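Chain by chain, the residues run as shown.
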There are 2 protein chains.
Amino acid sequence: MRSIVILGGPTELFPTDLFLNLNKQKKDPNQKIIGVDHGNLILLNHGIIPDVAVGDYDSLNEHEKKELIQNIHDIRFAQPEKDFTDSEFGLQVALEDFNSEKIKIYGATGGRIDHFLVNLFTFMKPGLKKFATKFELIDRQNIIKFYNPGSYEIQRVSGYKYLAFVNLMETKNLIIKNAKYELYNYNARFPISWSSNEFVKDTVNFSFDTGFLAVIYSKDLDK
Amino acid sequence: MRSIVILGGPTELFPTDLFLNLNKQKKDPNQKIIGVDHGNLILLNHGIIPDVAVGDYDSLNEHEKKELIQNIHDIRFAQPEKDFTDSEFGLQVALEDFNSEKIKIYGATGGRIDHFLVNLFTFMKPGLKKFATKFELIDRQNIIKFYNPGSYEIQRVSGYKYLAFVNLMETKNLIIKNAKYELYNYNARFPISWSSNEFVKDTVNFSFDTGFLAVIYSKDLDK
């Protein structure tokens with residue numbers, strides 16, 4: 001099973017073909033669509049009915065709430081005293097209800113930077129950390145993947161020129177091989193974005209002993 | 001002395017009145033304008049001539065380079081083998097050449113996330129860390145300020161509803177007082193974005209013993 005999770009970030013940062021593709025894939029029984037709070041409205045406005053809606057829906061007006069209730073069969077309400085975010089609620093549904101192998105998250109970037117950083121750092125939390133490699137944050141210029149300590153070989157993604165390695169916490173013995181810029185046994189006490197690296201072959205290898213890594217595929221916008 | 005540093009991020013994220021204000025303040029002898037790489041072109045396109053241009057200018061074509069050389073008196077070229085970014089080059093000019101008390105940075109957000117994270121994490125680097133409180137990253141929805149361990153009282157900023165505390169590295173004994181959501185003696189091994197807090201008085205107090213903190217003032221966009 002795969003899941004698509006739609007958060008409420010600015011729609012101009014969504015990949016331009018996302019909603020077209022979601023409309024085409026509507027009937028794919030192996031793909032579930034989960035709307036988070038305002039993300040549900042974005043989906044409905046593009047003619048897509050999410051399989052599950054989660055949120056506290058505080059940011060929606062009465063008319064918008066009514067639209068959700070009339071259209072979405074499975075609507076779940078976050079408890080006010082919750083100690084997790086609405087986005088994490090959506091990710092839990094993808095993990096537990098749908099047992100997803102792959103979870104693509106849109107609408108996590110842009111707008112308020114405190115919101116984006118909640119999303120970027122959420123995969124280091126105890127409940128999500130062990131599932132880190134299942135998740136991708138995607139917008140029109142970036143794909144962000146997450147890794148626990150270990151040794152990895154990653155593939156080039158067509159159309160994405162740049163590759164960055166970002167240790168999101170204290171990290172030991174980071175090694176990057178078979179890339180334009182290699183790195184050997186680097187230790188960092190604080191986060192660093194090793195940006196603007198590139199693939200020189202079809203694969204790049206990296207490894208690290210402790211910490212947590214975000215790998216960002218990115219591209220410039222077509223002018 | 002104050003400095004304004006203009007990076008090459010997407011111009012649609014700049015505060016809408018920035019260039020109007022810069023044009024008005026052109027003749028302020030206590031304010032210097034520093035363009036970084038493509039940021040110089042953005043300035044010239046808005047009728048503003050930076051006091052200093054820095055960069056390797058690799059992203060500019062010949063016509064654009066010529067425009068820079070014809071218009072800007074003080075153009076400085078980054079060395080190819082440099083171990084700092086063009087942005088850091090610009091910040092060094094603000095600190096060392098202009099001895100700036102306050103340095104406001106625009107064009108640091110949006111677009112490629114690896115670039116944004118370079119800018120967000122740069123103030124933890126040894127050369128910049130002790131000057132952290134001099135810097136602000138600003139876009140149309142966010143103001144980000146930076147703090148070394150200590151005890152602080154910060155002021156409400158008109159128009160910015162939300163306040164977030166983001167420990168960018170392992171942090172001990174974080175305390176937030178006189179805010180909508182208070183926090184006591186929190187220890188975090190990895191970054192967390194404590195988002196969507198709010199002022200309830202004109203000031204909020206916070207303190208922490210070790211680590212490094214970003215404080216983000218943010219607002220929703222007017223609809």
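Rules used throughout
- Here the residue numbering is sequential within each chain, running from 1 through the sequence in written order.
- Here the convention is simple: chains get letters from A, ligands get numbers from 1, in the order in which they are written.
- Whole-chain, interface and lining totals are the exception, using all residues; otherwise, since this is a predicted model, local features are given only for residues with pLDDT of at least 70 and side-chain atom pairs are given and counted only at 80 or more.
- Remark: hydrogens and water are excluded; side-chain values derive from all non-hydrogen atoms of the structure.
- In what follows, a contact means two residues having at least one pair of non-hydrogen atoms within 4.5 Å.
- Defined here as a combined quantity, buried area equals the accessible surface (1.4 Å probe) lost by two parts on assembly, summed across both.
- Nitrogen and oxygen atoms within 3.5 Å of one another constitute a polar contact, given that in protein one can donate a hydrogen and the other can accept it, and given that sequence-neighbouring residues count only through two side-chain atoms.
- Put simply, DSSP marks the helices as runs of H or I at least four residues long and the strands as runs of E at least two long, and each gets a number from the N terminus on.
- Throughout this entry, Asp, Glu, Lys and Arg are counted as charged residues, while Ala, Val, Leu, Ile, Met, Phe, Trp, Tyr, Cys and Pro are counted as nonpolar. The remaining residues, Gly among them, count as polar.
- Stacked, tilted and edge-to-face are the three classes assigned to paired rings of Phe, Tyr and Trp, where Trp is represented by its six-membered ring and a pair needs centres within 6.5 Å; plane angles under 30 degrees give stacked, over 60 edge-to-face, the rest tilted.
- Geometrically, a lysine NZ or arginine CZ counts as sitting over a ring once it is within 6 Å of the ring centre and also within 35 degrees of the ring normal.
- In this analysis, axes come from line fits to C-alpha atoms, helices being fitted only over the stretch in contact, and the angle between any two N-to-C directions falls in the range 0 to 180 degrees.
- Geometric relationships in this document are graded by angle, where less than 35 degrees denotes roughly parallel, more than 145 denotes roughly antiparallel, 65 to 115 denotes roughly perpendicular, and other angles denote oblique.
- By the definition used in this description, the sense in which the near helix is turned from the far one sets the handedness, with an anticlockwise turn below a right angle giving left-handed and a clockwise turn giving right-handed.

Colleague: What exactly am I supposed to notice about the interface of chain A and chain B here?
Modeller: Think of interface size as the accessible area that goes away when the parts come together; that is how it is often given. If you look at the interface, chain A gives 37 residues, while chain B gives 36 residues. Interface area, chain A with chain B, both sides summed: about 2800 Å², of which 66% is carbon and sulfur. Applying the counting rule to chain A against chain B returns 13 residue pairs in polar contact (both at pLDDT 80 or more). Secondary structure elements with two or more residues in the side of chain A that touches chain B: helix 5 (113–121), strand 7 (142–147), strand 9 (162–167), strand 12 (192–197) and strand 14 (213–218) of chain A. Considering every element that reaches the side of chain A that touches chain B, the biggest residue donor is helix 5 of chain A, with eight residues. Considering only residue class, the side of chain A that touches chain B consists of 18 nonpolar, nine polar and ten charged.

Colleague: What should I look at first to understand the packing of aromatic side chains in this one?
Modeller: Here a ring pair, both rings aromatic, is described through the centre-centre distance and the interplanar angle of the planes. Evaluated as defined, the whole model comprises 25 aromatic pairs over all chains. Their ring planes at 35° and their centres at 4.4 Å tell us that Phe123 of chain B and Phe146 of chain B sit as a pair that is tilted. One end of the pair, Phe123 of chain B, is in the loop between helix 5 (113–121) and helix 6 (126–129); the other, Phe146 of chain B, is in strand 7 (residues 142–147), with 23 residues separating them in the sequence. One aromatic cluster in this structure is built from Phe123, Phe135, Phe146 and Phe212 of chain A. Positioned over the ring face of Tyr160 of chain A is Lys219 of chain A, at 4.6 Å from the centre of the ring.

Colleague: How should the packing of helix 2 (residues 38–45) of chain B against helix 3 (residues 62–71) of chain B be read in this particular structure?
Modeller: Helices that pack against each other are described as a pair by the angle of their axes relative to one another and the distance between those axes. Residue and element names in this part refer to chain B. Remark: helix 2 packs on helix 3, axes separated minimally by 10 Å, with the N-to-C direction vectors making an angle of 65°. Taken as axis vectors, helix 2 and helix 3 run roughly perpendicular relative to one another. Handedness of the helix 2/helix 3 crossing: left-handed. Here Asn40, Leu41, Leu44 and Asn45 of helix 2 come into contact with helix 3, specifically with Glu64, Glu67, Leu68 and Asn71. For the contact of helix 2 with helix 3, the class distribution of residues is three nonpolar, three polar and two charged.

Function cannot be inferred from these measures alone, as they are strictly geometric.
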